[in-house]
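# Examination of the molecular architecture
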Amino acid sequence: MNKKNKIKIVVNGKHLTVNLKFSLKNLIEKLKTPINKVAIELNEEIVDKKKLNKIFLKNRDKIEIVHFIGGG
Amino acid sequence: MKIDILKIANKKFKSRLIVGTGKYKSMKECAKAIKISGAEIVTVAVRRVNIVDKSKPLLMDYIDPKKITYLPNTAGCFNSKDALRTLRLAREIGGWKLVKLEVLGDKKNLFPDMIETLKSTEVLTKEGFKVMVYCNDDPLMCKRLENSGASAIMPLAAPIGSGLGIQNKTNIKILRHQTKVPLIIDAGIGQASDAVEAMELGCDAVLINTAIAQAKKPLQMAEAMKYGVISGRKSFLSGRIISKFAGSPSTPKKGLI
């Protein structure tokens with residue numbers, strides 16, 4: 001594996017290494033996230049879920065994927 | 001009898017009991033309690049998806065947001081910035097605009113930070129959110145929230161999860177008198193009689209989580225709260241008798257042998 005072709009990202013506080021030209025759609029598929037039940041932030045900006053395949057990740061990008069849980 | 005409808009931000013509800021979905025033993029129990037309580041609105045929180053363990057059950061698999069109105073909250077937010085970020089994300093998950101704003105200022109008692117709460121209400125209202133606001137029972141701050149476009153005023157009865165019941169009835173009465181949007185007791189309810197009392201004071205609804213979820217028998221308590229709210233509401237609407245310090249026989253004296 002050539003390190004040059006890899007980038008490091010942080011998803012929900014966890015470090016991941018992915019290939020260059022890795023899109024948000026690729027990430028969601030990799031994580032098997034149910035897209036209609038979550039919201040996604042890229043570097044603190046909300047991402048339009050319809051455009052995930054057009055957003056390619058960069059080194060050190062921070063992604064947050066959130067959903068609903070029980071709360072008062 | 002005329003159907004008694006609760007209207008929040010132009011949405012109509014028959015139930016005046018809103019329940020929280022936290023602190024239950026399981027999602028199954030939570031879903032059952034909601035069903036028994038008859039609640040049509042439930043509060044939910046926004047948190048990170050567990051990207052390591054994907055086997056964890058999802059709330060949406062147990063409580064269908066098409067049947068029950070999800071009210072996303074900002075629990076755990078201690079400033080306006082975090083609260084706004086949380087609710088914008090909640091809206092993104094599924095288009096929710098009806099939200100519960102809760103900006104805390106005191107980690108021990110979980111009292112709201114009213115300055116941050118007011119600031120957040122103003123911003124959210126401008127962004128098109130319908131904001132139901134957790135607040136203290138101060139009539140002046142509650143009026144300011146209402147003037148900022150809050151869709152419901154939700155004062156605490158006592159600290160969150162304390163189960164102490166309504167501590168300041170006078171303020172709740174004053175709030176009832178001045179509040180034009182729905183007035184909902186949020187936090188502090190401990191038992192069914194507290195829910196009855198809130199409704200008898202003229203509140204439009206009550207929001208209960210801990211008192212149901214942490215009761216020894218949550219499902220039975222859910223039912224007790226359901227009837228407590230119905231009972232208190234009907235009592236309020238019925239026009240109670242004037243209390244007096246003398247006895248008055250219920251049985252006529254005429255015909256007494």
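Everything here concerns the structure above.
Residues numbered from 1 in each chain as written. Chains lettered and ligands numbered in written order. Predicted model: local features only at pLDDT ≥ 70, side-chain atom pairs only at ≥ 80, totals over all residues.

## Some remarks on the overall build of chain B
For the record, the criterion: Counting from the N terminus, the helices are the DSSP runs of H or I reaching at least four residues and the strands are the DSSP runs of E reaching at least two. We take the radius of gyration over the C-alpha atoms and set the globule estimate at 2.2 Å times the residue count to the 0.38 power. Here the C-beta atoms are placed from the backbone, and a residue counts as buried if at least 20 other C-beta atoms lie within 10 Å of its own, exposed if 12 or fewer do, and partly exposed otherwise.
Across its full length, chain B carries nine helices and 10 strands. Its C-alpha atoms give chain B a radius of gyration of 20 Å, within 12% of the compact-globule value 18 Å for 257 residues. Dimensions of chain B, computed from the C-alpha atoms along their principal axes, are close to 85 × 40 × 35 Å. Looking at chain B as a whole, 44% of its 257 residues qualify as buried.

## Details of the overall build of chain A
Convention followed: Any pair of residues counts as being in contact when their C-beta atoms, constructed from backbone geometry, are within 7 Å of one another.
Secondary structure assignment for chain A yields one helix and five strands. Helices and strands in chain A line up, N terminus first, as β-β-α-β-β-β. Expressed as lengths along the three principal axes of its C-alpha atoms, the size of chain A is roughly 45 × 25 × 20 Å. Intrachain contacts of chain A at a sequence separation of at least 6 include 55% that bridge at least 24 residues.

## A closer look at the packing of helix H7 (residues 192-200) of chain B against helix H9 (residues 218-238) of chain B
All names here are of chain B. Quick note on the threshold: For helices, the axis comes from a line fit to the C-alpha atoms of the stretch in contact; other axes are also lines fit to C-alpha atoms, and the angle between any two N-to-C directions lies between 0 and 180 degrees. If an angle is under 35 degrees, it is roughly parallel; if it is over 145, roughly antiparallel; if it lies from 65 to 115, roughly perpendicular; otherwise it is oblique. Here a crossing is taken to be left-handed if its near helix is turned anticlockwise relative to the far helix by less than a right angle, and right-handed if that turn runs clockwise. Amino acids are sorted into nonpolar (Ala, Val, Leu, Ile, Met, Phe, Trp, Tyr, Cys and Pro), charged (Asp, Glu, Lys and Arg) and polar (every other residue, Gly among them).
Between H7 and H9, the shortest axis-to-axis distance is 7 Å and the interhelical angle comes to 30°. With respect to H9, the element H7 is oriented roughly parallel. Note on packing geometry: the crossing formed by H7 with H9 is right-handed. Across from Ala-192, Ser-193, Ala-195, Val-196, Glu-197, Ala-198, Met-199 and Glu-200 in H7, the residues of H9 making contact are Ala-224, Met-225, Gly-228, Val-229, Ser-231, Gly-232, Arg-233, Ser-235 and Phe-236. Looking at the contact of H7 with H9 residue by residue, the class counts come to nine nonpolar, five polar and three charged.

## Quick word on the nonpolar core
Residues and elements named next belong to chain B. Here is the rule: Note on terminology: a nonpolar core is any set of buried Ala, Val, Leu, Ile, Met, Phe, Trp, Tyr and Cys residues joined through C-beta atoms within 7 Å.
Residues Val-133, Ile-153, Ile-184, Ala-195, Val-206, Ile-208 and Met-225 are the most contacted members of the largest nonpolar core, which totals 88 residues. Looking at this core element by element, the count peaks at six residues for helix H3 (residues 80-94). Among residues more than four places away in sequence, those in contact with Ile-184 are Ile-18, Ala-152, Met-154, Cys-203, Asp-204, Ala-205, Val-206 and Leu-207.

## Some remarks on the interface of chain A and chain B
Selection rule: We call two strands paired when DSSP finds no fewer than two bridges between them.
Counting residues at the interface gives 20 residues for chain A, matched by 28 residues for chain B. Sorting the residues of the side of chain A that touches chain B by element identifies strand E3 (39-42) and strand E5 (62-70) of chain A as the ones contributing at least two each. For the side of chain A that touches chain B, the leading source of residues is E5 of chain A, giving seven residues. Residues belonging to the side of chain A that touches chain B are distributed by class as follows: nine nonpolar, six polar and five charged. Of the pairings in the sheet, the one linking E5 of chain A to strand E4 (residues 41-48) of chain B comprises five bridges and is antiparallel in character. The residue bridging Gly-70 of chain A from the neighbouring strand is Val-44 of chain B, located in E4 of chain B.

## Some points on the environment of Glu-197 of chain B
Residue and element names in this part refer to chain B. Note that Glu-197 resides in helix H7. Looking at Glu-197, the number of C-beta atoms within 10 Å reads 22, which means it is buried. Between the alpha carbons of Glu-197 and Tyr-24 there is a distance of 25 Å; along the sequence they are 173 residues apart. If we ignore the near neighbours within four places in the chain, the residues touching Glu-197 are Ile-166 and Gly-232.

## Remarks on the sheet that holds strand E6 (residues 98-101) of chain B
Residues and elements named next belong to chain B. Read across the open sheet, the three strands follow the order E6-E7-E8; overall the sheet is parallel. Looking at the sheet topology across the chains shown, the edges are occupied by E6 and strand E8 (152-155). Direction aside, neighbouring strands of the sheet carry axes that sit 20° apart on average. Of the strand pairs in this sheet, strand E7 (residues 130-135) and E8 are connected by four bridges, and their pairing is parallel. For Cys-135, the partnering residue across the bridge sits in E8 and is Pro-155.

## Some remarks on the environment of Lys-253 of chain B
Among the secondary structure elements, Lys-253 of chain B is positioned in the segment after H9. Distance from Lys-253 of chain B to Asn-136 of chain B, taken between C-alpha atoms, is 51 Å for residues 117 residues apart in sequence.

## Structural notes on the pairing of strand E2 (residues 14-19) of chain A
Residue and element names in this part refer to chain A. The buried fraction of E2 amounts to zero of the six residues, a small share that puts the element mostly on the outside. Taken together, the six bridges between strand E1 (residues 6-11) and E2 define a ladder with antiparallel strand orientation. Looking across to E2, one finds that Ile-9 is bridged to Leu-16. Remark: two residues form the turn of the hairpin made by E1 and E2, two consecutive strands paired antiparallel; Asn-12 in that turn has positive phi of roughly 50°.

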